[in-house]
Amino acid sequence: IFVVILRFQLRSKMIGKDIGKPKLDYLAAKVKSGSTAFLKEEYKYLTVYVIVWALICLALFTAKPLGGISYDASDKTDGVRCAACLIIGAFMSGLSGYIGMTVATDGNVRTTVACAAGTLNDGLKVAFKAGAAMGFGVVGLAALGLSFLLIVMKPNRTQGQAIQYTHSFGFGASSIALFARVAGGIYTKAADVGADLVGKVEAGIDEDDPHNPAVIADNVGDNVGDVAGMGADLFESYIGSIIGAATLGGNHPHLLAVPMWLAAGGLISSFVGFFFVSTKEKGDGWNTNLTALMFALEKGMYIANVLFLIFAAVIMILLFGPGSETGWKMFACVLIGLISGMAIGKGTEFFTSFDYGPTISIKDRARTGPATVIIQGMGVGMVSTILPTLILVGCIVACNALVGQYGIAIAAVGMLGTLAVSLSTDAYGPVADNAGGLAEMAGLGPEVRAKTDSLDALGNTTAAMGKGFAVGSAVLTALSLLAAFKTEVTHSNPNMKFDISDPILLAGTLLGAMLPFFFAALTMMSVGKAAAEMIQEVRRQFREITNAKGTTLLQAIQHVTAHGSISDDDDVEPDSDRCVMISTRSSVKEMLAPGLYAVFTPLIAGFLVSARMLMGLLAGCIGSAAMMAIMMGNAGGAWDNSKKLCEKLKLKKTEQGKACVVGDTVGDPFKDTSGPSLDILLKLMAMVSLLIAPLLDGNDDWEYWYIGLIILVLCIIASLVLMYLKILTWQDPLGAVGDSSKGDSSNEAPTTSVVPTTPPGVKEAWAGAKDPAVTVS
């Protein structure tokens, strides 16, 4: 209900035509249509995926009912229940992303208009309101979905048995989250890399210059990747933490109630915190006091967190009594989880904000070129793993000492307790970024751009902190799911050993540690292939797109660079729809391979060998994926803010500034594609394992090897199909273009290198822009 109210309030705000700037509405409509087109295309593929897995669950759990359940043997509804939960989980996850995307695309133009017609506080409130619709929508859908299923699945089952069906709910949500993050990340970074390398480095134009064909696709990417993808990601974390704790709680009514009641208390706390977000800052662009502006958002979170702790204490007293030592130990776990999440966010801010040494050091290395920028950024990312790792280790050890594995699960619930307001803060960032882009593309005055720049700078900080928070919550959630998996596979044999020196378990650990590297490589290379197509298209449009007078797009850019403006008659409009189409096609195609291996690997390990092998696989994956996600997220954030520091210091168009742009381009897939996707990888694999745990319960090593072999063969066949479709390939996607431009005598792909100086071949293309026959070599 609150989200519906927010939506109506947002729709009532002024748009471009209300202030005499209809071009704002036109540009915003293009961003919204591109975002909607992408989600429709993505969800067509995902609908087939969900139906297939629902049928598999239907067949599996009808043939073999869930383990540990005693009821009338004639009751064969387990398959139907699991399939229904999977479909509902996938639907809820997809709906959370769709709600976030639609609200964000409505909020961006209204934020721009609020900054143009009002104060910085007006713009902040509109952008935060759009983010809040996303945050409360995600948490509301998760709470509604879980509550509904636990009630509907209760007939003829105990409460503990009904919880087993939520595992397929979590699997459906995790699957959609993975595809949304991967596809959205590939989309946004293909457009971003293309826009940056050709527009900023080669042509020397601003980031959101309307002459850049990839700018609209870049702004679309902010919505489908940073909003829709992030919403599905944290929806999955939220329900995963509750499912893990509820599974460990078993049939104990109080332990079962704790995560549910905590989630309700967190939602009420977030609702109160929402109303405390405001600022008195004026908005002076880079000169704005970011610390004061950051407090405008943080005070809402602080108030929500304090209220949440009060509610948590009351919940423990009500469930366990005021004198219960167990109750207060659980409260301590909630407190530790909450503080750990905040500490990880602050640590991320230190390593990624341009106010501190790590990011400043990257800017300093840019004096010697992009190579040293990349080297320093990698070093910063690697060092940044120390602090969050120590925080997570301390949290895990302390909670385990207090309440055991259930304490770790409750810490995860505590860390995500006020997700509604913290996600609102995170989702605010892309809305503010889009608002700034629309202001520049529409040619609004510098006073408006100063306000949107202030909001955007704040959004960069909240986004980096949000990524650190997402990693921490993912690790704790995965650990609680891992503990739940162990519980589910040891019903028949409680004495089953999981010794790290066991060769089976150790082999699984090594395999699991490798998977994040493979997964990150797939997503990184997918961005590279999609970006190559985007770069080629932008260069082509610069040369070939003309107006009625025969002026090319590049000539219009050169005129604006020399004279500061250009008349409407002489201006040239790029074909941004084609860039949107390229990003959509590439991202949807490239999301298939990572999704395939993320789901098939735990199935192969569990059935081919045993539950012990799968336990090792999950443990190795959690450790390796957490380190890579932190490193990639922080390195990418530091590269990004080193570029923004150059802009603040008026170094944007110098060689030092261009070197930082190259570093930022390398960091884009780090922080917005591969890094965030790894968070989902470790949770998805844990959720798949938890789903099949009843089928593995009581099995000896290699007992069902033939099932694992069948799955392995299917995985190999799918890989061969992906190779045939050129999704898994080493070939350059532009190889055919290069061959045609050089003649049949050469089989080499074009090798345009991007460095701070004008790249080889580009200068000739620019000089020959009047001749449409000129090609880039």
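Conventions we followed
- Throughout this description, residue numbers start from 1 for each chain and increase along the sequence as written.
- Per-residue local features are limited, in this predicted model, to residues with pLDDT of at least 70; the limit for side-chain atom pairs, both in listing and counting, is 80 or more; totals at the level of whole chains, interfaces and linings are taken over all residues.
- In computing side-chain values, all of the structure's heavy atoms are included and hydrogens and water are not.
- By the criteria applied, helices consist of DSSP H or I runs no shorter than four residues and strands consist of E runs no shorter than two, each listed in order from the N terminus.
- Restricting the calculation to C-alpha atoms gives the radius of gyration, and the globule rule supplies 2.2 Å times the number of residues raised to the power 0.38.
- Relative accessibility thresholds used throughout: buried, under 20% of the residue-type maximum; exposed, over 50%; partly exposed, between the two (1.4 Å probe, protein chains only).
- By the convention used here, residues are in contact when the closest approach between their heavy atoms is within 4.5 Å.
- Per-residue and other accessible areas follow the Shrake-Rupley method at a 1.4 Å probe size, with only the shown protein chains counted as cover for residues.
- For helices, the axis comes from a line fit to the C-alpha atoms of the stretch in contact; other axes are also lines fit to C-alpha atoms, and the angle between any two N-to-C directions lies between 0 and 180 degrees.
- To sort the angles, those under 35 degrees are grouped as roughly parallel, those over 145 as roughly antiparallel, those from 65 to 115 as roughly perpendicular, and the leftovers as oblique.
- Two helices cross in a left-handed way if the nearer one is turned anticlockwise from the farther one by less than a right angle. They cross in a right-handed way if the turn is clockwise.
- Each residue is assigned to one class: nonpolar for Ala, Val, Leu, Ile, Met, Phe, Trp, Tyr, Cys and Pro, charged for Asp, Glu, Lys and Arg, and polar for all the others, Gly among them.
- Disulfides are defined as cysteine sulfur pairs within 2.5 Å.
- Every case where a carboxyl oxygen of Asp or Glu lies within 4 Å of a side-chain nitrogen of Lys or Arg is listed as a salt bridge.
- In this analysis, the expected span of each helix is defined as 1.5 Å times one less than the number of residues it contains.
- As used here, the arc belongs to the directions running from the helix axis to the C-beta atoms.
- On a range of 0 to 100, pLDDT expresses the predictor's confidence in each residue.
- Here a Phe, Tyr or Trp ring, Trp counted by its six-membered ring, pairs with any other such ring whose centre lies within 6.5 Å, and the pair is stacked when the planes are under 30 degrees apart, edge-to-face when over 60, and tilted otherwise.
- Only buried residues count toward a nonpolar core. Its members are Ala, Val, Leu, Ile, Met, Phe, Trp, Tyr and Cys residues joined through side-chain atoms within 4.5 Å.

**Q** Can you help me understand the overall build of the protein in this one?
**A** Helix and strand counts for the protein come out as 25 helices and zero strands. For the protein, the C-alpha radius of gyration of 26 Å lies close to 28 Å, the compact-globule estimate for 777 residues. For the C-alpha atoms alone, the extent of the protein along its principal axes is close to 80 × 65 × 45 Å. When burial is assessed residue by residue, the protein has 63% of its 777 residues classed as buried. Looking at the protein alone, contacts between residues at least 24 apart form 83% of all its contacts between residues at least 6 apart. Within the structure as shown, the protein displays about 27900 Å² of accessible surface, and the carbon and sulfur contribution to it stands at 65%.

**Q** Can you walk me through the packing of helix α4 (residues 120-152) against helix α8 (residues 253-274) in this structure?
**A** A pair of packed helices can be characterised by two numbers: the angle between their axes and the separation between those axes. At a minimum axis separation of 11 Å, α4 and α8 run at an interaxial angle of 160 degrees. Viewed along their axes, α4 and α8 adopt a mutual orientation that is roughly antiparallel. For α4 against α8, the interelement crossing comes out left-handed. Each of Phe128, Lys129, Ala132, Phe136, Val139 and Leu150 in α4 lies in contact with α8, whose residues at this interface are Met260, Leu267, Ser270, Phe271 and Phe274. Of the residues that constitute the contact of α4 with α8, the class distribution is nine nonpolar, one polar and one charged.

**Q** Is there a simple way to think about the state of the cysteines in this case?
**A** The term disulfide refers to a covalent linkage connecting the sulfur atoms of a pair of cysteines. This model, assessed by the stated rule, comprises zero disulfides. Counting only cysteine sulfurs, Cys715 is the nearest neighbor of Cys621, a cysteine outside any disulfide, at a range of 15 Å.

**Q** I would appreciate a short explanation of the pattern of salt bridges in the present structure.
**A** Two side chains carrying opposite charge are able to pair once their charged atoms lie near each other. One pass over the structure, following the stated rule, counts 30 salt bridges. Across the pair Asp192 and Lys189 runs a salt bridge, and its minimum N-O distance is 2.9 Å. One end of the pair, Asp192, and the other, Lys189, are both in helix α6 (residues 166-202), three residues apart, so they sit about a helical turn from each other. Across the pair, Lys189 and Asp192 agree in class, each one buried. Counted as one network, the salt bridges with shared partners bring together Lys189, Asp192, Asp640, Lys643, Lys644, Asp664, Asp668, Lys671 and Asp672.

**Q** Please explain helix α23 (residues 705-724) as it appears in this structure.
**A** Residues separated by three or four positions in an α-helix point in the same direction, a consequence of the helix having 3.6 residues per turn. A rise of 1.5 Å per residue sets the reference length of α23, with its 20 residues, at 28 Å; its end C-alpha atoms lie 29 Å apart and thus fit the reference within 8%. Inspection of α23 places Gly708, Ile711, Cys715, Ser719 and Leu722 among the buried residues, and these make up the whole buried set. Axial view of α23: buried residues confined to an arc of 85 degrees, hence all on one face. Facing away from the buried side of α23, by more than 90 degrees, are the exposed residues Ile710 and Tyr724.

**Q** Got a minute to help me understand the confidence of the model for the protein in this structure?
**A** A low pLDDT score tells you not to read the predicted coordinates there in detail. Looking at the protein, the pLDDT average stands at 82 and 91% of residues meet or exceed 70. The weakest mean pLDDT in the protein belongs to helix α25 (residues 762-767) at 43; the strongest belongs to helix α12 (residues 370-383) at 94. Contacts for the low-pLDDT stretch residues 736-777, under 50 throughout, to residues beyond four places or in other chains number 59 contacts.

**Q** Looking at this model, I keep getting lost on the packing of aromatic side chains. Mind explaining?
**A** Centre distance and the angle of the planes are the two values used to describe a pair of aromatic rings. The full count for this structure, using the stated rule, is 15 aromatic pairs. When the ring of Tyr49 is compared with that of Phe179, the centres are 5.0 Å apart and the planes differ by 75 degrees; the resulting orientation is edge-to-face. Here the residue Tyr49 occupies a position in helix α2 (residues 22-63), and Phe179 occupies one in helix α6, the gap between them amounting to 130 residues. On the accessibility criterion, Tyr49 (17% relative accessible area) is buried. By relative accessible area, which is 5% here, Phe179 ends up buried.

**Q** Quick question: what am I supposed to make of the nonpolar core here?
**A** Membership of the largest hydrophobic core comes to 242 residues, with the highest contact counts inside it found for Phe169, Phe171, Phe235, Val258, Leu262, Phe485 and Phe542. Non-local contacts of Val258, meaning those with residues more than four positions away in its chain, are made with Met316, Leu319, Phe320, Met330, Tyr406 and Ile410.

**Q** Help me understand the side chain of Asn434, please; the structure alone is not making it clear to me.
**A** Position of Asn434 relative to the elements: it lies in helix α15 (residues 419-441). With residues near it in sequence (within four places) discarded, Asn434 still touches Val31, Asn108, Asn219, Asp222 and Asn223.

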